[in-house]
Structure formats: structure tokens, C-alpha cells
Amino acid sequence: MGSSLWTLPLILASLASAALCATPPRPVDVPFGRNYVPTWAYDHIKYFNGGSEIQLLLDKYTGTGFQSKGSYLFGHFSMYIKMVPGDSAGTVAAFYLSSQNAEHDEIDFEFLGNRTGQPYILQTNVFTGGKGDREQRIYLWFDPTKAYHRYSVLWNMYQIVFLVDNVPIRVFKNNKDLGVKFPFEQPMKVYNSLWNADDWATRGGLEKTDWSKAPFTAAYKGFHIDGCETSVNARFCATQGKRWWDQAEFRDLDAAQWRRLRWVRKKNTIYNYCTDRSRYPQLPPECRMDVQFGRNYVPTWAFDHIKYFNGGSEIQLHLDKYTGTGFQSKGSYLFGHFSMYIKMVPGDSAGTVTAFYLSSQTAEHDEIDFEFLGNRTGQPYILQTNVFTGGKGDREQRIYLWFDPTLAYHRYSILWNMYQIVFYVDDVPIRVFKNCKDLGVKFPFFQPMKIYNSLWNADDWATRGGLEKTDWSKAPFIATYKGFHIDGCEASVNARFCATQGKSWWDQPEFRDLDAAQWRRLRWVRQKYTIYNYCTDRKRYPQLPPECRRDRDI
């Protein structure tokens, strides 16, 4: 297996030299002493070519390391490293940034040694506010012991990007809006070290360091730092927003970089905490934003009205007087958690409907709906939800949102298990539909559903009951999507049960009902923002629908 890694298609290597609009400026190589000082075991650091190249030595007595003279808030940091050759099992060569406090931030490259002929593993990790456990591991597409390769970190207010020879291998976005801390206010030093970690580094500690092969030697050069230097206690960078890494082209990867990153993920990734359901039964919030459209979805109609951005991590749906457009999930699901980040059509959106929903495709179909009803400029969007069971719907509820959904992305989610369906907006429950089969009310239980998203014209009913028509002079109308998260039990369209039923995180007792805090939030939404609820419509339903009492809708 090890030898085949070095003969992977060379297309990525050729791409690495191509110019990109968002590629960081070429690092300036400097001598070791310009930016760095030794930190421990000084006699285990060897200097060559006037300090432009050094070697770190590890033996059975000690490893060694060095650190930057300054501390930095944001910037671009890179190092050329040639890894320990031969039998390196048990050793770790590290290149990382870290603050020094109890709730520290840290950005890690760790190179895990292996037996002769077996490939190195590159592990990356991000700590924020003292919390790590975000490991990703890849095999490299070259032998890192044969020559120098450049490993870089781009860190700004918007993202952290790990690069190998200018190829992005990982991105960690600023998701503070999801409650995920981001390295933002703690200056960090840059560290490099070579040390023994045979209690965990190679095959989980099964392979031990062979000290007969010592000393182990890793070589370094380049020593590039281009960051905003600050005191260790600073809370902001004096030039924040003015440096090259703050500019618009570095706030996200460009299309070519997203393609490279997908290549790495597809061909070289061997572990990703985002897909480890044993450690994280519920997907970490930051992982939901890191899914490309094509992983879970395909277009369904008017393909030319879907526009792709950032390598497919973001799309736009366009509606004009000729057609709308939409997309659907590749798979069908029985239960799970489904979410989408959507930015609604801005301005005069009257007559338009932006929909995010689950539906089976049968005569007596089940369906779980979010429908966003456009309005005239200055008038609020209306969010309508509905639940169909066995072909029966007519369970509309309508609310105003407590924010303008056209100004920024917001997350809309559905939790569907055997006990309830919960509609969420930014993790706030806005509706619950309980399993009331004992009351004679059908529940979506046996029909797998696909997930659908669409933007379409519905000016016969959507805005003020059809009185407000779509103003086609404002076309095209554009809704923007990202996230594309699906965490469900995939089943064939004709399946009657889920193979893992009762074993997934959404089946556990804590998800069988809302907790006290969630019920309080739901009451707040009902009291402040509800404008229509079928449960209180005595003209349509002189006799209260059975499920309304259990759902606390009265």
C-alpha cells in the first residue's frame, strides 16, 4: 500500500504550481534566527548553511523543538520540512500555532511516523477555547522523507486553511454564529518539535519506537512568518482588516482550491471526526457547513437556473418568468436530522415561494414542509409549515421570523424520529408534531422520503392569498443555499423500516420530547410570532384535531 501512494495521478502536483487568485503570496525564506529560537534540548538542534537549514534530532533521551520569537493574531505561516526517513514509527514531527493559557487555541500539523515502507500520516487538529478533538488524518500523495515540502497555515478572521505545497487539505471556517468558538482573540506563537509519542502515534500505540534506529532526524528550512505581531495579552491586531490575508479573496477558497480539497478528501482522507458517528452521534455544528452540494443532492429541473460557487459549497436558485428550479437528495430516508442554510430572495419577493421539505412519492404520501412566502419590499417574509400523513395535509401554521431572512444565512432544520417531528430555525423549535397514532392520527412512519428544495412562482396564493402578483421586472429572483446537511437512515424507496431503527442518536430518550428550555422557546415563538395556526381555526375545524392537544397547540 505504501508504494502505491507515491504513484497516484500526478494531476494534483501539476495543479499545485498553477497561479490562483486566492493563493497566498510566495513565502520569503529567511535564516532560522530571524524568527525563531530554540526552546529545549539545544544540543539536539544542528545548524547548516549559516542557519538557513536546521535538523532536529530525537534519541532515547530527548527530542527537541523551537518556537517563534513573537506572538501573532492572524497571518500566514509556513515551513519546509523533510520528515524522518526510514523506520520512524512512534515519532511525531509537529508544526503548530498555540496560545498559552487554560482555554487555549491551537492549530496543528502533526506528522505521525511509521514502519519502513509504510506511509506517513498527517494529522491536523484545531483547538478553540481549550476544546480540540477535531482530528482529521490523510495520507500524503508523495513521500515526505525524500525532499522538502512546504506546509502552511493561513489564519484570518474568516477561516483557517491548512495547505501542503499550496494544496488546501483542510479548511476550518469561523462559525461563531453556530456557537462554535474560533481562534480570534488569543495571540499564538509558532512551534516546531520532534518527539517520541509511541504511546499513541503509530497504530494507536501498538508500534513502538525502535531506538536502535536513533537518532531520528527531521530537517527544516524556510522559517517564513507573515503575521500581525502583538503582545501575548493583546485582544486584537492593530492592522486588522488591512493586511493581504484580510482581503475578500482570502475569505473563502476559490473554485480551483475547492476542487483540490475535494480531491484530497476523496483520495487521501483516512479519518475525519465529522464522519465519526461513534464519537459524535450528533454532527458537530461546524461540520454541517462543510458539505458540498454534490455529496447529497442533484438538480431536478431547469439545471441552467442553478449557479454554483466555491466549488459547490454554495449554490443559488434563480427564478424568472420562464421557470424556477430545484434540487433533491440522492437518497431516501426514514428518520433523521436534515438542515439547510438559506438566504431568502431579497427585495420585492411577492409571489415567490422558497421551499425546503421532505416528501415520499406515493398516492397517500407523507410530507414535512418549510415554505417561505415572499412579500413586497419592506414587508416581512412568512414562514409556513405543514405536515402531510397518508396523503392528508391541511395542517398549516404560519409565523413571522424574528429577523430578516434575506440579509444573512439562517439554518432551517427538521428532526424526525418515531416520536415526533420538530421544525427548527437556528436551533429554536418553532413547531412540534407528535406521533399520535393512538389517537387515530397517521404519522410518517413507513414511507422513506427524499429531501427537496425549490424556488418557484406561486402568485396565485402565496402573498396575501394571491392578491399580490410577482413583479417580473425584478427578476431574476435569487435564493442562496449552503450546508447541505443530511444525517438520516438511508433506505430504499420501498423500505418499511430503517435497518438501524432505535440505534441512532435521534432515537435516544432525550430526543423523544422537547426539554423544558425548548418548550419555553416554542411558547415564545407561538406567543410573539404566530399569525395562523390550524389548531385554532374554528371555521375550518369546528372540532379540534386530535393531535393539537398533544402538541400543546392550544
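Details of the structure are given in the entry above.
So, here's what we can say about the structure. Fair warning: this is a prediction, and the values are worked out from it, not measured in the lab.

Before going further, it helps to spend a moment on the pairing of strand β4 (residues 64–68). Along a regular strand, successive side chains alternate from one face of the sheet to the other. Burial runs high along β4: four of the five residues are buried. In this sheet, β4 lies alongside strand β1 (residues 36–40) in antiparallel orientation, the contact comprising four bridges. Its bridge partner being in β4, V37 is matched across the sheet by Q67. Here four bridges tie β4 to strand β13 (residues 189–196), and the two strands are oriented antiparallel to one another. The residue of β13 that forms the bridge with F66 is N192.

Turning to the packing of aromatic side chains, a few remarks are in order. Centre-to-centre distance and the angle between the planes together describe a pair of aromatic rings. Under the counting rule described, the total for this entry stands at 53 aromatic pairs. With 6.3 Å between their ring centres and 20 degrees between their planes, F293 and Y297 make a pair best called stacked. The pair F293 / Y297 is uniform in exposure class, with both members buried. Both rings, one in F372 and one in Y412, keep their centres 4.7 Å apart while their planes meet at 65 degrees; by these two values the pair is edge-to-face. Separated by 40 residues along the polypeptide, F372 in strand β22 (residues 367–373) and Y412 in strand β25 (residues 410–416) bring together distant segments of the chain. With a relative accessible area of 0%, F372 lands in the buried category. Within the aromatic cluster, the residues linked to one another by ring pairs are F32, Y36, Y47, F66, Y220 and F223.

What follows concerns the pattern of salt bridges. Across all of its chains, the model carries 21 salt bridges by this definition. Residue D252 pairs with K173 through a salt bridge whose shortest N-O separation is 2.7 Å. Note that D252 is positioned in the loop between β14 (216–230) and α4 (255–268) and K173 in strand β12 (residues 167–173), a separation of 79 residues in sequence. For R277, the salt bridge is made with D487, and the minimal N-O distance between the two is 3.5 Å. Remark: D487 occurs in strand β29 (residues 477–491) and R277 occurs in the loop between β15 (269–272) and α5 (285–288); sequence separation between them is 210 residues. The class for R277 is partly exposed, based on a relative accessible area of 32%. Bridged by salt links that share partners, the residues D87, R115, R203 and E207 form one connected network.

Glancing now at the side chain of N386. Looking at the element boundaries, N386 is found in strand β23 (residues 382–388). Here R395 takes part through its backbone nitrogen, which lies 3.0 Å from a polar atom of the side chain of N386. In this structure N386 touches E367, I368, D369, G393, D394, R395, E396, F423 and R431, once residues within four positions along its chain are discounted.

Turning next to the sheet that holds β23. The antiparallel open sheet is built from eight strands, whose spatial order is β16-β19-β28-β21-β22-β23-β24-β30. Of all the strands in the sheet, just β16 (297–301) and β30 (530–533) have a single pairing partner and so form its edges. Mean inter-strand twist for the sheet, computed between neighbouring axes without regard to direction, equals 15 degrees. Here seven bridges tie β22 to β23, and the two strands are oriented antiparallel to one another. For I368, the partnering residue across the bridge sits in β23 and is V387.

Each value, and the rule that gives it
- Per-chain numbering applies: the sequence of each chain, read as written, is numbered from 1 onward.
- With the structure being a predicted model, the display of local features is reserved for residues of pLDDT at least 70 and the display and counting of side-chain atom pairs for 80 or more, all residues being used for whole-chain, interface and lining totals.
- In computing side-chain properties, one takes all heavy atoms of the structure into account and sets aside hydrogens as well as water.
- Exposure categories follow from relative accessible area, calculated using a 1.4 Å probe and restricted to protein chains: below 20% of the type maximum is buried, above 50% is exposed, and the middle band is partly exposed.
- Labels follow the DSSP assignment, with helices taken as runs of H or I lasting at least four residues and strands as runs of E lasting at least two, numbered in each case from the N terminus.
- Whether two strands pair depends on DSSP finding at least two bridges between them.
- The pairing test for Phe, Tyr and Trp rings, Trp by its six-membered ring, is centres within 6.5 Å, and the orientation test on the planes gives stacked under 30 degrees, edge-to-face over 60, and tilted for anything in between.
- Within this document, salt bridges are pairs made up of a side-chain nitrogen of Lys or Arg and a carboxyl oxygen of Asp or Glu, the two lying within 4 Å of each other.
- A 3.5 Å cut-off defines polar contacts: any pair of N or O atoms within that distance qualifies, except that in protein one atom must be a possible hydrogen donor and the other a possible acceptor, and neighbouring residues in sequence count only when both atoms are side-chain atoms.
- Pairs of residues are marked as contacts when any of their non-hydrogen atoms sit within 4.5 Å.
- The axes are straight lines fitted to the C-alpha atoms, using for helices just the contacting stretch, and the angles between their N-to-C directions are given from 0 to 180°.

These figures come from the coordinates and say nothing about function on their own.
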